[in-house]
Amino acid sequence: MTAQIALVDCNNFYVSCERVFRPDLRNVPVVVLSNNDGCAVSRSNEAKELGIKMGQPWFECKELAEEHGILALSSNYALYADISNRVMSILASYAPRQEVYSIDESFLDLTGIPKLRDLSYEMRDRVFRWTGIPVCVGIGPTKTLAKLANHIAKKHPRSKGVFNYNDLNETQKTKLLGQIAVDEVWCVFQ
């Protein structure tokens, strides 16, 4: 039986947490800054589209921020930890084994669980309804391939936030792996 490892990753987590309590921030380019407001540590899709890079020093972005109305927020780690605990608790109810990978990512062992696509959409829906946090689900036979699948779930609208690498045939897998640069997938290095 092929392993079915899911990586559930919260989208733009710190920004999403801020938007839960500030709906006026939806569709606004938002950046959450690191300690002492030094660097961008979370960016809304709107801020990413304007060219703000992860970890970019904020002083480099000020002109762009003024030009496009990018809102910068100081981080609120107590809030993010509380919401993370809620998200992880919800996800734990879906699998016999969970590994919390970071504040906004969790691996779930879904091996042997039927109807993974339906279950994945159910997880996304429940996390969003109960916490207000959007997530994507990537599934693969290994953690690395689950991470790759999550990357596809986030980047390709056709996936609607869920992608299972295991559903591909060998030709499709080879083609897919040839199309994505290794360093495009967050935390996977050459």
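The following paragraphs examine the structure supplied in this document. Here the structure is a predicted model, which is why all the values come from computation and not from measurement.

## Considering the sheet that holds strand 3 (residues 40-43)
Part 1 of the argument: As summarised here, the arrangement of the three strands in space is 3-2-4, forming an open sheet in which the pairing is mixed. Of all the strands in the sheet, the pair left with one neighbour each is strand 3 and strand 4 (71-74). Strand-to-strand, the axes of this sheet are offset by a mean angle of 30°, without reference to chain direction.
Part 2 of the argument: Pairing analysis gives three bridges linking strand 2 (residues 30-33) to strand 3, with the strands arranged antiparallel. Residue pairing for strand 3: Val-32 is matched across the bridge by Ser-42.

## Description of the sheet that holds strand 5 (residues 97-102)
Strand pairs in the sheet, formed through backbone hydrogen bonds, run parallel or antiparallel to each other.
Part 1 of the argument: Strand order in the open sheet formed by five strands is 5-6-1-7-8, and the pairing between neighbours is mixed. Strand pairing shows two members of the sheet lacking a second neighbour, strand 5 and strand 8 (162-164), which therefore form its edges. Averaged over all adjacent pairs, the angle separating strand axes in this sheet is 15°, with direction ignored.
Part 2 of the argument: Two strands pair when backbone bridges link them, and strand 1 (residues 5-10) and strand 6 (residues 105-109) are joined in this way by five bridges, in the antiparallel orientation.

## Details of the nonpolar core
Part 1 of the argument: Grouped together as the largest cluster of nonpolar side chains are 31 residues, with contacts concentrated most on Phe-13, Leu-91, Leu-108, Leu-110, Met-123 and Ile-133.
Part 2 of the argument: Those elements that provide at least two residues to this core are strand 1, helix 1 (13-21), strand 2, helix 4 (77-92), helix 5 (116-131) and strand 7 (135-140).
Part 3 of the argument: By residue number, the principal contributor to this core is helix 4, which donates seven residues.
Part 4 of the argument: Of all hydrophobic cores here, the second largest spans 10 residues; its members include Cys-136, Leu-148, Phe-163 and Leu-176.

## So, the side chain of Asp-9
Part 1 of the argument: Looking at the secondary structure, you find Asp-9 in strand 1.
Part 2 of the argument: Asp-9 has contacts with Asp-104, Glu-105, Pro-134, Val-135, Cys-136, Asn-150 and Lys-154, leaving out every residue within four places of it along the chain.

## Some points on helix 4
Part 1 of the argument: Given a rise of 1.5 Å per residue, 16 residues ought to cover 22 Å, and the 22 Å separating the end C-alpha atoms of helix 4 matches this to within 8%.
Part 2 of the argument: For helix 4, the set of buried residues is Leu-79, Tyr-80, Ile-83, Ser-84, Val-87, Met-88, Ile-90 and Leu-91. When helix 4 is viewed along its axis, its buried side chains cluster within an angular range of 155° and face the same direction. Of the exposed residues in helix 4, the ones pointing more than 90 degrees away from its buried face are Ala-78 and Asn-85.

## Points about helix 5
Part 1 of the argument: For helix 5, spanning 16 residues, the distance from its first C-alpha to its last is 22 Å, which sits close to the expected 22 Å at 1.5 Å a residue.
Part 2 of the argument: Looking at helix 5, one finds that the buried residues are Leu-116, Leu-119, Ser-120, Met-123, Val-127 and Thr-131. One side of helix 5 carries all its buried residues, which in axial view fall inside an arc of 105°. The exposed residues of helix 5 that point more than 90 degrees off its buried face are Asp-118 and Arg-129.
Part 3 of the argument: Next to the buried residues of helix 5 lie strand 1, helix 1, helix 4, strand 6, strand 7 and strand 8.
Part 4 of the argument: Looking one or two places after helix 5, you find Gly-132, whose phi comes out positive at around 85°.

## Describing the layout of surface pockets
Part 1 of the argument: Considered as a void within the structure, the second largest pocket measures approximately 380 Å³ in volume.
Part 2 of the argument: In terms of lining residues, the second largest pocket is bounded by 13 residues, among which Ile-152, His-156, Arg-158, Phe-163 and Leu-176 are the most central.
Part 3 of the argument: Breaking the lining of the second largest pocket down by element, the ones donating at least two residues are strand 8 and helix 7 (170-179).

About the cut-offs
- Residues numbered from 1 in each chain as written.
- Predicted model: local features only at pLDDT ≥ 70, side-chain atom pairs only at ≥ 80, totals over all residues.
- Heavy atoms only, no water.
- Pairing = 2+ DSSP bridges.
- Helix = DSSP H or I, 4+ residues; strand = E, 2+ residues; numbered from the N terminus.
- Axes fitted to C-alpha atoms, helices over the stretch in contact; angles between N-to-C directions.
- Core = buried A, V, L, I, M, F, W, Y, C linked by side-chain atoms within 4.5 Å.
- Buried < 20%, exposed > 50% of the residue type's maximum accessible area, 1.4 Å probe, protein only.
- Contact = heavy atoms within 4.5 Å.
- Expected span 1.5 Å × (residues − 1).
- Arc of directions from axis to C-beta.
- 1 Å grid on protein atoms, 1.4 Å probe; cavity = no way out; pocket = protein on both sides within 12 Å on 5 of 7 lines; lining within 4 Å.
- Points joined across faces, edges and corners; volume = space filled by probe spheres on them.

Taken by themselves, the reported measurements are silent on function.
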